[in-house]
Structure formats: structure tokens, C-alpha cells
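Report on the structure
Read off the chains here:
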Amino acid sequence: MLQVAGLTCAIGGAVIVSDVSFDVAPGEFVAVIGPNGAGKTSLFNLLSGLLPVTSGSVTLAGTDITRAGPADRARRGLGRTFQASSVFAGLTVQENVRLAAQARLGGSMRAWQLVRPSDRAYEVAGRALDRVGLGSRAHLPAGSLSHGDKRKLELAILLATDPALVLLDEPMAGVSTEEVAGLTEVIAGVHREEGKTVLMVEHHMDVLLGLADRVAVMHHGALLALDTPARVTGDPAVQEAYLGDAL
Ligand SMILES: Nc1ncnc2c1ncn2[C@@H]1O[C@H](COP(=O)(O)OP(=O)(O)OP(=O)(O)O)[C@@H](O)[C@H]1O
Ligand SMILES: [Mg+2]
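Computed from a prediction, not measured in an experiment: that's the story for all the values here.

What counts, and at which threshold
Residues numbered from 1 in each chain as written. Chains lettered and ligands numbered in written order. Predicted model: local features only at pLDDT ≥ 70, side-chain atom pairs only at ≥ 80, totals over all residues. Heavy atoms only, no water. 1 Å grid on protein atoms, 1.4 Å probe; cavity = no way out; pocket = protein on both sides within 12 Å on 5 of 7 lines; lining within 4 Å. Points joined across faces, edges and corners; volume = space filled by probe spheres on them. Helix = DSSP H or I, 4+ residues; strand = E, 2+ residues; numbered from the N terminus. Nonpolar A, V, L, I, M, F, W, Y, C, P; charged D, E, K, R; others polar. Domains from an automatic or database assignment. Buried area = accessible area lost by both parts, 1.4 Å probe. Salt bridge = Lys/Arg side-chain N within 4 Å of Asp/Glu carboxyl O. Buried < 20%, exposed > 50% of the residue type's maximum accessible area, 1.4 Å probe, protein only. Expected span 1.5 Å × (residues − 1). Arc of directions from axis to C-beta. Contact = heavy atoms within 4.5 Å. Axes fitted to C-alpha atoms, helices over the stretch in contact; angles between N-to-C directions. Parallel < 35°, antiparallel > 145°, perpendicular 65-115°, else oblique.

A few points about the layout of surface pockets
Considered as a void within the structure, the largest pocket measures approximately 790 Å³ in volume. Around the largest pocket, the lining comprises 25 residues; the ones closest to its centre are Ala-74, Arg-80, Ala-100, Ile-157 and Thr-161. Elements represented by at least two residues in the lining of the largest pocket include exactly helix H2 (70–75), strand E6 (78–81), helix H3 (93–106) and helix H6 (147–160). Taken together, the residues that form the lining of the largest pocket break down as 13 nonpolar, seven polar and five charged. When residues are assigned to domains, the lining of the largest pocket turns out to be shared by domain 1 (1–77 + 165–246) and domain 2 (84–162), each giving three or more.

If you want it as C-alpha cells, here you go:
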């Protein structure tokens, strides 16, 4: 599904992602961990086309997308969420998802489509909202949702664009402890039942243990380890990178 080879990004003399290489198989769930500033979000920005690649390559389902723009990558099946929550607070939950579905189905946003949304876009939005468990809240303003439900809404928005590979950057950020289990269930459903390939940045190892097939550890912009969760947590080099912080 994804091949990353020698991926490097240098900005103003600082190397923020350094010679990162790994492959992700279709249907695989790979977690990305690492201390603050390790380059996890930068790696996602390189994969989604928001940061320019200095050297190396990114191949998505056999197509070299190293120089492709973000919209082109999205059309080819790469979707992502952001570390900071990003929904239209003033629109309803349903409209947030419907707009994403419309953009995907219509190819472009035309004024008449906004005035007269297609039934198909509502259908796609409805299915995505049911998948994340927000079907009964479709008509509420998105701004009224809890942090955990906003994160579920972001997943529904992502699902409405029908990506094959999803990049989730700290989906648990800002979510209360009581909501973590529910959100974890939703992400597991997106992976297993929707058959999505997932790359997810997450600090909480307990969340990852039940989800991830493999864990990639970033440190100072480089890939320090990539292995099963059990082997990664037992790796002395990984423990050293965290300087005794509990994994
Ligand atoms: N556009 C940019 N220009 C210059 N430096 C950048 C840019 N984006 C990121 N960096 C730097 O790259 C390094 C890695 O940042 P990044 O946000 O990727 O880390 P992270 O692993 O996601 O950290 P966190 O766990 O805090 O989210 C940091 O030192 C950051 O300041
Ligand atoms: Mg980050």
C-alpha cells in the first residue's frame, strides 16, 4: 500500500526527517510513536504532500507520489486527520460529513451542488456517521460535540472521502479519559470492518497494543525501530530514546 524510501526533509539547514524507509502492507495498522519533536507530524506532512521532500520517495499503491500535491494524493486514496481538531463548528454534524462526501463524489465544489446536495452525498455521509456512532447526533451543531465526539466526526469526514490509507495524527489528543475506549473502538472498526490501512501517531502505548500490527519509533527525525508492539517496548534503544519515560 505504501513504500517510503530514504525519505528526508531539510528546512533551513535543519534535517527534520532523516532517511526514513519502511513499507506498509494493505490492511496493516502501523502506529508511529516517539518523543515530542521527533518528526512524527512532519513525516505525515511529507506523506500527505504538505511538506516538500528533499530526497527519497513515497509510493502509494505502486504510484510514485513524491512530487504530487495534497489534492492529488487525496484523490489517489490517501486521507489524513490533524493533531488539532478541525471541524466546521457552526455547521451540523451531518453537513460537515456531507460536504466531504460531495467533494469526493462531485470531483469539485460547484455552487449548485452546495444549494442542492445530492441524495448520494447524504447516503455516504449517513453511512460514515453510523460507522463512528454519531448517526443520532447528525442534526446537532458540530461545535456542541464533546472532544471525543469531534474526533469521531473527523473520522466520519475522512471515511466520506473513501480513502484506502488513513493517517491519523494523535486522534486521542484532547479527549477525556472516559472517551478513549469508545474512540479506540471506532478506530478499530475503521481498520477491521472498513478494511482501511492505518498509520496512526499515538503516545499512549496501552491504546496501541490492541490495535497496531507494528510500531514505528521516531527519534530525532530518524526511524529508530519498526517491529511488533511487544518487541518495540522491550527494545533498549527505544527505552533510551524515551529516557526512562513510561512507554
Ligand atoms: N515547517 C517547518 N519548518 C521548520 N521546522 C519544522 C517545521 N515543521 C516541523 N518542524 C520542526 O521539526 C521537528 C519535528 O516536529 P514534529 O511536529 O514533526 O514533531 P512530532 O514528533 O510530531 O512532535 P509532537 O509529539 O510534539 O507532536 C521539530 O523540531 C519542529 O520544530
Ligand atoms: Mg506531532
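Side note on the domain arrangement of the protein
The domain boundaries assigned to the protein delineate domain 1 (1–77 + 165–246) and domain 2 (84–162). Between the C-alpha centres of domain 1 and domain 2 the distance comes to 25 Å. For the pair domain 1 and domain 2, the two sides together bury roughly 1,300 Å², of which 60% comes from carbon and sulfur. A salt bridge links Glu-194 to Arg-131, with the nearest nitrogen and oxygen atoms 2.8 Å apart. Taken together, the elements giving at least two residues each to the side of domain 1 that touches domain 2 come down to H2, strand E7 (165–169) and helix H7 (177–192). It is H7 that provides the largest number of residues to the side of domain 1 that touches domain 2, a total of seven residues. Residue classes in the side of domain 1 that touches domain 2 are distributed as ten nonpolar, three polar and six charged.

Observations concerning the pattern of salt bridges
All told, the structure shown has twelve salt bridges when counted by the stated rule. In this structure, the salt-bridge partner of Glu-95 is Arg-98, at a minimum N-O distance of 2.7 Å. Of this pair, Glu-95 and Arg-98 both sit in helix H3, separated by three residues, roughly a single helical turn. For Arg-98, a relative accessible area of 2% translates into the label buried. Taking the shortest distance from any N to any O, the salt bridge between Asp-227 and Arg-231 comes out at 2.7 Å. Arg-231 sits in the exposed class, given a relative accessible area of 55%. Salt bridges sharing common partners tie together Arg-131, Glu-193 and Glu-194.

Side note on helix H5 (residues 119–132)
For H5, which comprises 14 residues, the first-to-last C-alpha distance of 20 Å matches the rise-based estimate of 20 Å (1.5 Å per residue) to within 8%. Among all positions in H5, only Ala-121, Val-124, Ala-125, Ala-128, Leu-129 and Val-132 are buried. All buried residues of H5 project into a common sector of 135 degrees when viewed along the axis, lining one side. Opposite the buried face of H5, by more than 90 degrees, sit the exposed residues Asp-119, Arg-127 and Asp-130. Where H5 is buried, its residues contact H3, H6 and H7.

Overview of unusual backbone geometry
Phi is positive for Asp-162, which is not a glycine, with a value near 50 degrees. Along the polypeptide, Asp-162 turns up in the loop between H6 and E7. Judged by its relative accessible area of 47%, Asp-162 falls in the partly exposed class. Unusually for a residue other than glycine, Glu-170 sits at a positive phi of about 50 degrees. Note on placement: Glu-170 falls in the loop between E7 and H7.

Concerning the packing of H6 against H7
Relative orientation and spacing of two packed helices are given, respectively, by the angle between their axes and the distance between those axes. Where H6 contacts H7, the two axes come as close as 9 Å, and the packing angle between them is 10 degrees. On the basis of their axis angle, the class for H6 and H7 is roughly parallel. Taking contact as the criterion, the partners of His-147, Gly-148, Asp-149, Arg-151, Lys-152, Leu-155 and Leu-159 in H6 are, on H7, Glu-179, Gly-182, Leu-183, Val-186, Ile-187 and Val-190. Of the residues belonging to the contact of H6 with H7, the class tally is six nonpolar, three polar and four charged.

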